[in-house]
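# Examining the three-dimensional arrangement
So you can see what is in the structure, the chains are spelled out below.
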Amino acid sequence: MIQSAEVPTKPSQKGAVKKKAEIYSILRDIPSVVTLERLEEEKRLSIETKSRKSQISRLYNERLASFSAQATPPKKVIKDPQVDGPCSLKICCDIGIDQLCCQYNEDFSLFGTGGADGIVRLFDAEDFNFLKSIGGDRDTEGVTSCVTSIKHKSILKSENIDHHFMFSYVNGVVKCFNYNNRQCVFTIKERRQTYGLTFHPRLQKFITYGDDLKINLYDYETQTKERTFKRSGRLNEHDGHTSRIFAARFNPASNAEFLSGGWDNTVLLWDLRKQFACRYLSDVSLCGEGLDVDKMGRQILTCSWRKEDQLQLWDYSTFKLISSMTPDYQNSKFFSFIVDDSSDLTFSCVVEVTLLC
């Protein structure tokens, strides 16, 4: 009678099985990094996103129904601006130093301007009286550290105003100041020329961008750099910037998407959950903060540094051109614009910041 015998296991196989079991045991004992607070935060953000999407859909359906109910929709007549009688340009304040950027604070009670000398000057928003100046100490002394951007973080209804301004400087320094007492809250030093920063509309995060073709994502509370977005370097793949970046803007209707543009004549769409850019639109040359997205997240407004078709409106979902808006005739190239987003209209007011040629 033939009896079956157990095939002996090789010593090397036994060692491998034992080592694998030890690794599994070690991994099983490591505590999970997903805390209850993190799960609650993700749950809250998910609820807010669903609520916002529902609200946007409701407003869109109501507006569509109101237009459909009208037999003959009224035509909006756009006329060129006219001035009757004498007029003059009012100089609110003569600083004497080139000013490169400006920004209102959270409650629009004052505004700050960033100078080429590295000094931020604060003015009263009602009467334009000079209030105080904020300097960056030794980190931003001299003309090599001019202020490139002034921003404050987005204010949610559940939060109090913290009176914080964030400044970026061309020498790579990013500083957060309490503008009431002029105390520096924190400082971040980047090894590049930093041309601007942009806050997330809901999360405590912000991005910075500059001449190294990269976009850095930071956590506002801990000041730690979480991610860096850049091109992959693959041939025939336009998934990142190839020249200096001068503008970036988060989509107000999304928690993950943002746009960026610069000297490479493209505007790129990024997703915080992906490594490289998802899509791009071309023939847009940005030399300043000439990039914005409407509240609904459906249209993009760009401002190009050229003499024709400077202001253009794009569809966000398809990246196709909707229209090119022609401002008053002038032999100028545009750096940036100011959008009045206090109205329910997509873009209610555009002010051109121009450089005469």
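Keep in mind that what you see is a predicted model, and the values were worked out from it rather than measured.

### Concerning the confidence of the model for the protein chain
Within the protein chain, residue pLDDT values average 78, and 73% of them lie at 70 or more. In the model, residues 71–81 has pLDDT below 50 throughout and makes one contact with residues more than four positions away in sequence or in other chains. Predicted confidence for residues 342–357 stays below pLDDT 50, and this span has 46 contacts to residues more than four positions away or in other chains.

### A short note on the sheet that holds strand S20 (residues 321–325)
Spatial strand order, S17-S18-S19-S20: four strands in an open sheet with antiparallel pairing. Both edges of this open sheet fall to strand S17 (291–293) and S20, since each of them pairs with a single strand only. Neighbour to neighbour, the strand axes of the sheet diverge by 15 degrees on average, direction disregarded. Of the pairings in the sheet, the one linking strand S18 (residues 299–303) to strand S19 (residues 311–315) comprises five bridges and is antiparallel in character. Following the sheet pairing, Thr302 is matched in S19 by Gln312.

### Thoughts on the pattern of salt bridges
Charged atoms that come close allow side chains of opposite charge to pair. Inspection of every chain in the model, using the stated rule, returns eleven salt bridges. Between Arg234 and Asp239 there is a salt bridge, with its nearest N and O atoms 3.4 Å apart. A residue is classified by how much of its surface remains accessible, and Asp239, at 4% relative accessible area, is buried. A cluster of three or more residues bridged by salt bridges with shared partners is formed by Glu190, Arg192 and Asp212.

### A few points about the nonpolar core
If you look at the biggest cluster of nonpolar residues, it comprises 14 residues, and the most contacted ones within it are Ile207, Ile215, Phe229, Phe258, Trp270 and Leu272. A per-element tally of this core places strand S13 (residues 245–250) first, with three residues. In this structure, Leu272 is in contact with His200, Leu217, Arg227, Phe229, Phe250, Asn255, Ala256 and Phe258, ignoring residues within four places of it in sequence.

### A few points about the layout of surface pockets
Each pocket or cavity is described by its volume, and for the second largest pocket that value is around 930 Å³. Taken together, 32 residues make up the lining of the second largest pocket; nearest its centre are Leu45, Leu203, Asn255, Ala256 and Leu272. Every element with two or more residues in the lining of the second largest pocket is listed here: helix H2 (36–69), strand S11 (215–219) and strand S12 (225–229). With eight residues, H2 is the single largest residue contributor to the lining of the second largest pocket. When the residues that make up the lining of the second largest pocket are grouped by side-chain class, the tally is ten nonpolar, eight polar and 14 charged.

Calculation rules
Residues numbered from 1 in each chain as written. Predicted model: local features only at pLDDT ≥ 70, side-chain atom pairs only at ≥ 80, totals over all residues. Heavy atoms only, no water. pLDDT = per-residue confidence, 0-100. Contact = heavy atoms within 4.5 Å. Pairing = 2+ DSSP bridges. Helix = DSSP H or I, 4+ residues; strand = E, 2+ residues; numbered from the N terminus. Axes fitted to C-alpha atoms, helices over the stretch in contact; angles between N-to-C directions. Salt bridge = Lys/Arg side-chain N within 4 Å of Asp/Glu carboxyl O. Buried < 20%, exposed > 50% of the residue type's maximum accessible area, 1.4 Å probe, protein only. Core = buried A, V, L, I, M, F, W, Y, C linked by side-chain atoms within 4.5 Å. 1 Å grid on protein atoms, 1.4 Å probe; cavity = no way out; pocket = protein on both sides within 12 Å on 5 of 7 lines; lining within 4 Å. Points joined across faces, edges and corners; volume = space filled by probe spheres on them. Nonpolar A, V, L, I, M, F, W, Y, C, P; charged D, E, K, R; others polar.

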